[in-house]
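# Observations on chain architecture
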Amino acid sequence: MFGFGAKNIGIDLGTANTLVYIEGKGIVLNEPSVVAKNVKTGEIVAVGAEARDMIGRTPANISAIRPMKDGVIADYDTTATMMKYFIKKTIGTGKPYVMVCVPSGVTEVEKRAVIDATRVAGAREAYVIEEPFAAAIGAGLPIMEPTGSMVVDIGGGTTDVATISLGGIVSSRSIRMAGDKIDEAVAAYIRQHFNLLIGERTAEEVKIQIGSASVTDAAELDNMTVRGRDLISGLPKTIEVSATDIAKAIQEIVDAIIGAITETLEETPPEISADVIDHGIVLTGGGALLKHLAEVVSEATKVPVFVAQDPLDCVAIGTGESLKNIEVMKQKH
C-alpha cells in the first residue's frame, strides 16, 4: 500500500472517517478521523484506527480527539497532521494533486482552511468538491445530463441534500444533524431513562445494531444488551434496551433530516421535481444504513427512495472520479 508515487488523490475528509482514493487504484484507505496526542508535549501518539481505539480509554496525559466537527475543521493543526499521515501512508513520498470533499453549506473561510491544511499536509495543489455532488458521482447518477437527480448524503457531522442537473447543484441544504447527533441522542436517552452513562463508541454500536428511523417498525428488531456506568451507584451495570426506545430517542434527528429534504424539494424547479419523482431520491453516507430510513423518507416525500450501492464509499469514489477533471481545475487556479 505504500509508495505509489505522486498520483492524484481524492480525500473524503469526514467528521467520523477519512477515506483516500488514488487514481487508478480506487479507495486505498478508510480510517477514523481521530488523532491521539500527548497533552503535555503536544506530540502525536497515534492516528486513525489506533487512535480511535483509545477514545474514552486514555490516561490523563493523552487525549484522543476528532479534529473535524460538523463536517468542518475544528482543530486546524491536528487536521493537517492527520492528513499528512494519511497522504504519506497511501502514497509514500511525492507531492500529489489532491481533491478534498467539503459539505455544501461551508463558508469560503472554511473552504480555504481545508485547502490550506491540505497544502500543509504535503499536497502540490488542493481543490474542493461539494459533498452531495461527489456523492452523486459516486452513486452513479447522471449528473452531467439535462435531467434532475436528488442525493441525500448523511455523514457523521452533516447531512447534505442536493438536487443536481447539468453538472451543477440546483438547490441544496446542509444541516448539522447526522450520525454524530444520532449517537448523542442515543447516549442522552439511555442516561435519562436508565440512569446509565455510556461512551460514544457504545452509543454508535447501539445505533448500528438496533437503530431504526421508524418507531412502529422498530418493534420487529431485537433488544440489545448495553453496558455502562450506573449514575446512582457509580458502578458498572448492564441493561437491556429495545429498538423502539432507540427509535424514539433519535426521532427528532430523523425529522430534521426529512425537513431538510422537503425544503430542498420545495425550492426545486418543477421540471427537476418531475425528474426526481421518476428517478427517486438516492441516500448515501453511513446514515443511509439506518434501518427503515428509506421507507420513512419515501412516505414523507411521496417519492421513491433508494440506498446507493456501497453508501459509505460514494463520496470518496465521487471525489476520486472527479480527479479526471483536475486538468480543468488546474486551469481555473
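All figures in this text were calculated on a predicted structure; none of them were measured in a lab.

### Section: the sheet that holds strand 3 (residues 26-32)
Strands sit in the order 3-2-1-9-10 across an open sheet of five strands; the sheet is mixed. Looking along the sheet, the strands with just one partner apiece sit at the ends: strand 3 and strand 10 (125-130). Going from strand to strand, the sheet's axes swing by 20° on average, the running direction of each strand aside. By the bridge criterion, six bridges tie strand 9 (residues 97-102) to strand 10 in an arrangement that is parallel. Residue Tyr97 lies in a different strand from strand 10, and its bridge partner there is Glu125. The sheet strands contacting helix 3 (residues 108-120) are strand 9 and strand 10, and the helix crosses strand 10 at an angle near 140°.

### Things to note about the pairing of strand 12 (residues 159-165)
Where burial is concerned, most of strand 12 is hidden: seven out of the seven residues are buried. Residues of strand 12 alternate between two faces, with Thr159, Val161, Thr163 and Ser165 on one and Asp160, Ala162 and Ile164 on the opposite face, all of them buried. Pairing of strand 11 (residues 149-154) with strand 12, which is carried by six bridges, proceeds in the antiparallel orientation. In the strand pairing of strand 12, Met150 is matched with Thr163. Direction of pairing for strand 12 relative to strand 13 (residues 168-175): antiparallel, over a ladder of seven bridges. Bridged to Asp160 within strand 13 is Ser174. Count of turn residues in the strand 12/strand 13 antiparallel hairpin: two residues, of which Leu166 carries a positive phi of about 50°.

### Here we look at the domain arrangement of the protein
Taken domain by domain, the protein consists of domain 1 (9-133 + 315-330), domain 2 (144-177 + 251-311) and domain 3 (179-249). Distance between the C-alpha centres of domain 1 and domain 2: 25 Å. Note on domain 1 versus domain 2: buried area summed over both sides is about 1100 Å², and carbon and sulfur give 59% of it. For domain 1, the biggest contributors to the area lost against domain 2 are Asp70, Pro132 and Phe133; these three give 48% of the whole. On inspection of domain 1 and its partner domain 2, the count reaches one salt bridge. Its salt-bridge partner being Glu110, residue Arg176 comes within 3.7 Å of it at the nearest N-O pair. Counting across the domain 1 and domain 2 interface gives two residue pairs in polar contact (both at pLDDT 80 or more).

### Things to note about the confidence of the model for the protein
Taken over all residues, the pLDDT of the protein has a mean of 92, while the share at 70 or more is 96%. Considering only residues more than four positions removed or in separate chains, one finds that residues 1-5, a stretch of pLDDT under 50, has 17 contacts.

### Comments concerning helix 3
Over its 13 residues, helix 3 runs 18 Å from end to end, which matches the ideal 18 Å to within 8%, given 1.5 Å per residue. Three or more residues of helix 3 are buried, namely Lys111, Val114, Ile115, Ala117 and Thr118. An end-on view of helix 3 places all buried positions within 165° of arc, on one side of the element. Away from its buried face, by an angle of more than 90 degrees, helix 3 presents the exposed residues Glu108 and Val109. Taken together, the buried residues of helix 3 touch strand 8 (72-73), helix 2 (76-91), strand 9 and strand 10. With its phi angle positive at about 115°, Gly122 sits one or two positions after the end of helix 3.

### Some thoughts on the packing of helix 4 (residues 131-138) against helix 12 (residues 314-321)
Contact geometry of helix 4 with helix 12 gives a least axis separation of 6 Å together with a crossing angle of 90°. With respect to helix 12, the axis of helix 4 lies roughly perpendicular. Across the interface between the two elements, Glu131, Ala134, Ala135, Ile137 and Gly138 of helix 4 pack against Cys314, Val315, Ile317, Gly318, Thr319 and Glu321 of helix 12. Along the lines of polarity and charge, the residues of the contact of helix 4 with helix 12 split into six nonpolar, three polar and two charged.

### Here we look at the state of the cysteines
Tallied over the entire structure, the rule returns zero disulfides. Looking at Cys101, it has no disulfide partner, and the nearest cysteine sulfur is the one in Cys314, 11 Å off. For Cys101, a relative accessible area of 2% corresponds to the buried category. Of the residues examined, Cys314 reaches a relative accessible area of 1% and is grouped as buried.

### Regarding the pairing of strand 15 (residues 224-230)
A regular strand places its side chains so that they alternate between the two faces of the sheet. Pairing analysis gives two bridges linking strand 14 (residues 196-197) to strand 15, with the strands arranged antiparallel. Each bridged residue has a counterpart across the sheet, and for Leu196 the counterpart in strand 15 is Asp230. Taken together, the six bridges between strand 15 and strand 16 (residues 236-241) define a ladder with antiparallel strand orientation. Opposite Arg229, over in strand 16, you have Pro236 as the bridge partner. The loop that links strand 15 with its antiparallel partner strand 16 comprises five residues; one of these, Gly234, has a positive phi angle of about 80°.

### Concerning the side chain of Asp230
Tracing the backbone shows Asp230 in strand 15. Of the polar contacts made by the side chain of Asp230, one reaches the side chain of Lys237; its length is 3.5 Å. Leaving out residues up to four positions away in the same chain, Asp230 has contacts with Asn195, Leu196, Leu235 and Lys237.

Rules used throughout
- Residues numbered from 1 in each chain as written.
- Predicted model: local features only at pLDDT ≥ 70, side-chain atom pairs only at ≥ 80, totals over all residues.
- Heavy atoms only, no water.
- Pairing = 2+ DSSP bridges.
- Helix = DSSP H or I, 4+ residues; strand = E, 2+ residues; numbered from the N terminus.
- Axes fitted to C-alpha atoms, helices over the stretch in contact; angles between N-to-C directions.
- Contact = heavy atoms within 4.5 Å.
- Buried < 20%, exposed > 50% of the residue type's maximum accessible area, 1.4 Å probe, protein only.
- Domains from an automatic or database assignment.
- Buried area = accessible area lost by both parts, 1.4 Å probe.
- Salt bridge = Lys/Arg side-chain N within 4 Å of Asp/Glu carboxyl O.
- Polar contact = N/O pair within 3.5 Å; in protein donor to acceptor, adjacent residues only side chain to side chain.
- pLDDT = per-residue confidence, 0-100.
- Expected span 1.5 Å × (residues − 1).
- Arc of directions from axis to C-beta.
- Parallel < 35°, antiparallel > 145°, perpendicular 65-115°, else oblique.
- Nonpolar A, V, L, I, M, F, W, Y, C, P; charged D, E, K, R; others polar.
- Disulfide = S-S within 2.5 Å.

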